[in-house]
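# An overview of the molecular structure
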Amino acid sequence: MDILATALPALNEAFALILQPQQIMFLVLGVLLGLSVGVFPGLGGIAGLSLVLPFVYGMDPVAGLALMVGLVAVIPTSDTFASVLMGIPGSSASQATVLDGFPLAKRGEAARALAAAFTSSLFGGLFGATVLTFFILMARPLVLAFGLPEMLMITILGLSMVAILAGRLPLKGLASAGLGLMVGTIGAADAGGSPRMSSYDMPYLYDGLKLVIVGLGIFAIPEIIALLRQDRSIAKNAELGAGWMTGIRDWWANIFLSIRCSTIGVIVGVIPGLGGSVVDWIAYGHAVQTSRDKSKFGSGEIRGVIGPESSNNAKEGGGLVPTLIFGIPGSGSMAVFIGGMALLGYDAGPQLISNDLNITYTIVWSLALANVVGAGLCILLSGGIARLTTIRFTLLAPFLFMLISFAAFQSRQSLGDLVALFAVGLVGIFLRRFDWSRPAFLIGFVLSGQAENYSFQAYQTASFQFRRSMEQGLEYIFSPIVIVLIIVTLVSVVLGIRQAKAIMPEGAVDTGTKRAPLIFLIAVTAYFVVSLIDAAMISQMTDKIFPVFISSVSIVACVLLLIRMMRQPETDAVFADREAAGEDSDAAHGLWGTLAWFAGLLVMASVFGFIIALTIFLITFLRIRAGLSWLKTALFCAAGVGFMMSMAAILNRDFPPGLLQAYVELPWPLK
């Protein structure tokens, strides 16, 4: 009763503040900005919030909060456009949506997939805000109960989703996850700073690879190349199929799945450092495990859209718990959000709950209202935007290459970003071709740093506890929460391995000859061997244990796959090869010739600078590959270059420079 007596007056004050016309206007403005930023892959909440921070200073505090909350709330909704329509993860929160959303779009049901996703996002956002309203005063003990062992087990639970997404061969899934984990270890170790698979002479690799580059390289480039080779629209029959009302009905038919996944989103969102990187995979895994017919997942199952989309918006509500109560950002965007709050005169932490509970609830319910406005706009626009899937893809591809190159460059503002994007994209193309699980790779990469840090820190603390007494050490490691998470993880792995054969995360793939899959397996094994040797040479034990262990396990998985290849005929699933049969083998254009267009853009950007290279690329591509007239080529080129210049000016972003700029003084935007 004391809690209600404290909360109800604060809620009344919050609603009185939110429902003022000025605050609603700024909230809608934030939603519109979030929609504009979220539809472009790779930008996300950090870029959007960074855009508005200069304007927040000096604003009315409630209006400034409404602007920021409106922006950050709608990005997990709007990034669904890229995931469904183009097979490009809009952000880390929409990676799992690609698996079934994009096949639905290719089947001509883009509007249905988008509507189901937006309705799920709306429900998840409202669910998260509702739970947070009643939970925020009681959340402190729960958040404090999650120590290092608990955080490590949540990370391992996320990794256990690999068992579900491994497909027909669990060994391939394990090797893919191992490859992602090892790519995630590239650079300086967090514990001791030892360089791994890099050196001080290679500062780019010393800082590691960024998620935006890996996400775009593993998913975006392979799909763009594959579709460009077909020379047709994304939807084969150029039909939109079922509309947004059908998508809403799909959500209602699976409302209990939406409720469960929203609950997962809130719980994971409460834990700092996890958030969107893992919650959508856990929700997707849950959707697969609780479905009777698992064979449709990966080829256009609507439940594979509803699950992760329900969780990633609910996660925003959960993410506000550590952000507001402890001042601990649950994600990168929440870190920028805390900075914006400071500009408005509010310090996130216990004092905010104690002294400004009405402001706390203003933030919470601004989040809920922003979800309603954002999801409503997206649902209304989904039918029109889904028509992008009916446009000949050859006309879309050059602009997608333009966008992902620009987005990748923003991760570190280095030409190395473009080289890394192409290299990771090449890996993604081979993973897709030979049916190695790309979701498993991405899960491994995303959770690599967390798995290593939490395991090292938990080991250090546990060693200290065991030195004090055996009982105290065991009590620290096997807390009730850890035991529950161990049970859930074991059940997830056992069920995942049993069910994986019925699941094809990226559709059915025919088998080919032995040679190409064998060469790729040998190349992956060689990488693991080199990684193992590199890690073994590190002098600091704290920096070598994790990569040595992961590379060793991965080598074992690769050797077992190699033995299977030697024993089985070419018809075995281990020899899956998209170039042997199916769409890729029948494509109108070759793989390497198509990839050369993208490589040409990146090479020209490194020589002449991005804008000059983009102009040459668009004119050449649209005229030669797309076969447009000179007039249309000029109009399309001007539109693309003008759009990029406007985006860079609005977001205050730079373009990739070239060698030319080192010798010739050029005006913006050529420099």
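The present account deals with the structure reproduced in this document. (Residues numbered from 1 in each chain as written. Predicted model: local features only at pLDDT ≥ 70, side-chain atom pairs only at ≥ 80, totals over all residues. Heavy atoms only, no water.)

## Some details on the overall build of the protein
Assigned secondary structure in the protein consists of 31 helices and 2 strands. Expressed as a percentage of contacts within the protein between residues at least 6 apart in sequence, the contacts between residues at least 24 apart total 81%. Accessible surface for the protein amounts to roughly 25,600 Å². Of this, 68% is attributable to carbon and sulfur atoms. (Helix = DSSP H or I, 4+ residues; strand = E, 2+ residues; numbered from the N terminus. Contact = heavy atoms within 4.5 Å. Areas by Shrake-Rupley, 256 points an atom, 1.4 Å probe, with all protein chains shown as cover.)

## Overview of helix α4 (residues 61–78)
Across its 18 residues, α4 extends 26 Å between first and last C-alpha, which sits within 8% of the 26 Å expected from 1.5 Å per residue. The buried fraction of α4 amounts to 17 of the 18 residues, a majority that puts the element mostly inside the structure. (Expected span 1.5 Å × (residues − 1). Buried < 20%, exposed > 50% of the residue type's maximum accessible area, 1.4 Å probe, protein only.)

## Concerning the pattern of salt bridges
A complete count under the given rule lists 5 salt bridges for this structure. Across the pair glutamate 452 and arginine 196 runs a salt bridge whose closest N-O atoms are separated by 2.7 Å. Placement of the pair is glutamate 452 in helix α23 (residues 438–468) and arginine 196 in strand β2 (residues 195–196), with a sequence separation of 256 residues. In this pair, the class of glutamate 452 matches that of arginine 196, namely buried. A salt bridge links glutamate 579 to arginine 229; its shortest N-O distance comes to 2.7 Å. With a gap of 350 residues between them, glutamate 579 in the loop between α27 (541–567) and α28 (591–608) and arginine 229 in helix α13 (residues 211–230) connect regions that are remote in the sequence. Judged by relative accessible area, which is 24%, glutamate 579 ranks as partly exposed. (Salt bridge = Lys/Arg side-chain N within 4 Å of Asp/Glu carboxyl O.)

## Quick word on the nonpolar core
The biggest cluster of nonpolar side chains holds 146 residues, and the ones touching the most others in it are Leu65, Ile363, Phe401 and Trp436. Ignoring sequence-local partners within four residues, the contact set of phenylalanine 401 consists of Ile224, Ile225, Leu228, Phe598, Leu601 and Phe617. Ranked by size, the runner-up nonpolar core spans 9 residues in total, among them Met153, Leu157, Ile264 and Val279. (Core = buried A, V, L, I, M, F, W, Y, C linked by side-chain atoms within 4.5 Å.)

## Re unusual backbone geometry
The phi dihedral of aspartate 435 falls on the positive side, at around 60°, and the residue is not glycine. Summarising the element assignment, aspartate 435 is placed in the loop between α22 (415–433) and α23.

## What about the side chain of serine 258?
The residue serine 258 is located in helix α15 (residues 255–270) in this model. Owing to a relative accessible area of 0%, serine 258 belongs among the buried residues under this scheme. Engagement of the side chain of serine 258 in a polar contact is seen with the side chain of tryptophan 251, the distance being 3.0 Å. Residues contacting serine 258, with those up to four places away along its chain left out, are Phe123, Trp251, Ile306 and Ser310. (Polar contact = N/O pair within 3.5 Å; in protein donor to acceptor, adjacent residues only side chain to side chain.)

## Points about the packing of α13 against α28
Between α13 and α28, whose axes approach to 10 Å, the crossing angle comes to 120°. In terms of orientation, α13 and α28 fall into the oblique class. Crossing geometry of α13 relative to α28 is assigned as right-handed. Contact residues: Ile221, Ile225, Leu228 and Arg229 in α13; Leu591, Thr594, Leu595 and Phe598 in α28. (Axes fitted to C-alpha atoms, helices over the stretch in contact; angles between N-to-C directions. Parallel < 35°, antiparallel > 145°, perpendicular 65-115°, else oblique. Left-handed = near helix turned anticlockwise from the far one by under 90°.)

## What to know about helix α7 (residues 110–135)
Compared with an ideal rise of 1.5 Å per residue, which puts 26 residues at 38 Å, α7 spans 36 Å between its outermost C-alpha atoms and is within 8% of the ideal. Extensive coverage of α7 is indicated by the burial of 20 of its 26 residues.

## Description of the packing of helix α21 (residues 393–409) against α28
The interhelical angle for the contact between α21 and α28, taken along N-to-C directions, is 45°, at an axis separation of 11 Å. Between α21 and α28, the crossing angle belongs to the class labelled oblique. Considering only the axes of α21 and α28, their crossing is right-handed. Residues Phe401, Met402, Ile404 and Ser405 of α21 touch α28, and the partners they reach there are Phe598, Leu601 and Leu602. Among the residues forming the contact of α21 with α28, the class breakdown is 6 nonpolar, 1 polar and no charged. (Nonpolar A, V, L, I, M, F, W, Y, C, P; charged D, E, K, R; others polar.)

## Observations concerning the packing of aromatic side chains
Enumeration according to the criterion identifies 15 aromatic pairs in this entry. Ring geometry for phenylalanine 430 and phenylalanine 520: centres 5.8 Å apart, planes at 35°, overall tilted. Linking phenylalanine 430 in helix α22 with phenylalanine 520 in helix α26 (residues 515–536), this pair joins segments that are 90 residues apart in sequence. Under the relative-accessibility criterion, phenylalanine 430 is labelled partly exposed at 21%. Given the relative accessible area of 10%, phenylalanine 520 is considered buried. The structure contains a cluster of three or more aromatic residues connected by ring pairs, namely Phe401, Phe422, Trp597, Phe598, Phe617 and Phe621. (Phe/Tyr/Trp six-rings, centres within 6.5 Å; stacked < 30°, edge-to-face > 60°.)

## Considering a nonpolar patch on the surface
A surface patch of nonpolar side chains, amounting to about 660 Å² of accessible area, comprises Val603, Val607, Phe608, Ile616, Leu659, Tyr663 and Val664. The dominant element in the nonpolar patch, judged by the number of residues it contributes, is α28, at 3 residues. Summarising the element assignment, valine 607 is placed in helix α28. (Patch = residues over 30% accessible without salt bridge, like charges linked within 9 Å, V, L, I, M, F, W, Y side chains within 5 Å.)

## So, the environment of tyrosine 454
Counting through the fold element by element, tyrosine 454 comes out in helix α23. Once the C-alpha coordinates of tyrosine 454 and proline 149 are considered, the two residues, 305 residues apart in sequence, prove to be 7.4 Å apart.

## Focus: the environment of leucine 174
Within the fold, leucine 174 resides in helix α11 (residues 170–184). Accessibility expressed as a relative area gives 39% for leucine 174, which makes it partly exposed. Sequence-wise, leucine 174 and tryptophan 436 are 262 residues apart; in three dimensions their C-alpha atoms are separated by 9.5 Å.

## Concerning the environment of glycine 34
With respect to the helices and strands, glycine 34 occurs in helix α2 (residues 21–38). Assessed through its relative accessible area of 0%, glycine 34 is described here as buried. Separated by 33 residues in the primary sequence, glycine 34 and leucine 67 have C-alpha atoms spaced 9.7 Å apart. Apart from residues lying up to four places away in sequence, glycine 34 is in contact with Leu71, Val74, Ile75 and Ser78.

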